[in-house]
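The residues making up each chain are set out below.
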Amino acid sequence: MNIEVDHISVTINKKCIIAAICLTVEPRQFVGILGANGSGKSTLLKSITKIIQPDSGSIRINDRCISQVSYAELAQQIAVVGQFNSMDVDYTVTEFVMMGRYPHKKKYESMTAVDHALVKQALHELGMSDYANRKVMGLSGGEKQRIVIARAIAQQTPCLILDEPTNHMDIKHQLQLFTMLKAMEKTVITAIHDMALAYNYCDKLYALKDGRLLLSGRPEEVITKENVKQLFGIDIALLRCEKENKVAVLYEG
Ligand SMILES: Nc1ncnc2c1ncn2[C@@H]1O[C@H](COP(=O)(O)OP(=O)(O)OP(=O)(O)O)[C@@H](O)[C@H]1O
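Note that the coordinates shown come from a computational prediction; the quantities given were computed from them, not determined experimentally. (Residues numbered from 1 in each chain as written. Predicted model: local features only at pLDDT ≥ 70, side-chain atom pairs only at ≥ 80, totals over all residues. Heavy atoms only, no water.)

This part is about the site of the ligand. Residues in close proximity to the ligand total 14 residues, the closest being Gly-38, Gly-40, Lys-41, Ser-42 and Thr-43. One of the side-chain nitrogen or oxygen atoms of Lys-15 is found 3.2 Å away from an oxygen atom of the ligand. The contact in question runs from an oxygen atom of the ligand to an N or O atom on the backbone of Ser-39, over 3.2 Å. Notes on the ligand: free accessible area 640 Å², of which the protein chains cover 64%. Counting residues per element, the ones that place at least two in the shell around the ligand are β2 (15–25) and α1 (41–48). Of all the elements, α1 adds the most residues to the shell around the ligand, at three residues. (Near = heavy atom within 4 Å. Polar contact = N/O pair within 3.5 Å; in protein donor to acceptor, adjacent residues only side chain to side chain. Areas by Shrake-Rupley, 256 points an atom, 1.4 Å probe, with all protein chains shown as cover. Helix = DSSP H or I, 4+ residues; strand = E, 2+ residues; numbered from the N terminus.)

Below, the structure is given as structure tokens:
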């Protein structure tokens, strides 16, 4: 799936939240959105998923203007993991993840063996198989986050849009999640605060500052000492681990 965001701006209560943002996402590209708290990452992602209507500019999905794509159709194309997810439901984990199959169903259409298999597979991929019959309400923060992602995976869309998906997750599950997302070869757009994950997993990064696009490019072009100072006002050092072909980011304050 390709996504083209062309000069979108969002104003809320007369305050400019994002201004003239442009973004191009190629099919199966893994794109990270960086930026300090309040820089506009969620607002940008909500605009792409039609939760917020920009005041100006346009968004095209597979060369179609998003205003012409219905919510039902959008849900078959894009699965969303929001920053805050309502989990106050009296569902089992399986019932919750099964909601990811709704966009593919007509009214009153029953779930099939294929739907059940996809839910089972998604739970397996997130390491949540043993929790299938547990109640959502009793899960820990990290476990809840993993079933929200499992629901998005079960939705079987070509594109995933995630707002800080590693929230509440321990380091092992963060790494597993990004390794899994990368291996899926879907189109992925994710807001992300962890610069090492962004550096090591993303194909392309966009960096926002005060609602404006400050930088874009490959991780090694965007995450530099100078750029991070400009974006976050902190000094970093990049440590290269040649054997693993990975980069660690040391925050120097
Ligand atoms: N409905 C709203 N009313 C007023 N201000 C809003 C509203 N929605 C967002 N904002 C403001 O817009 C700015 C950008 O918010 P947004 O959630 O997009 O930032 P973010 O980059 O995702 O931040 P974070 O890293 O903290 O999640 C913030 O200053 C926020 O307070």
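Moving on from the coordinates now.
Time to look at the UniProt feature "domain: ABC transporter" (unreviewed entry) in the chain. Under the UniProt annotation, the feature "domain: ABC transporter" (unreviewed entry) is placed at residues 3–235. Here residues 3–235 runs as 35% helix and 26% strand, with 33 Å between its end C-alpha atoms. (UniProt positions renumbered as here; feature names shortened; annotations may be inferred.)

A few words now on the environment of Lys-50. Position of Lys-50 relative to the elements: it lies in the loop between α1 and β4 (56–61). Given the relative accessible area of 18%, Lys-50 is considered buried. Put simply, Lys-50 and Tyr-71 are 21 residues apart on the chain and 7.9 Å apart in space, counted from C-alpha to C-alpha. Apart from residues no more than four positions distant in its own chain, Lys-50 is found in contact with Ile-66, Ser-67, Val-69, Tyr-71 and Leu-74. Engagement of the side chain of Lys-50 in a polar contact is seen with the backbone oxygen of Val-69, the distance being 2.5 Å. (Buried < 20%, exposed > 50% of the residue type's maximum accessible area, 1.4 Å probe, protein only. Contact = heavy atoms within 4.5 Å.)

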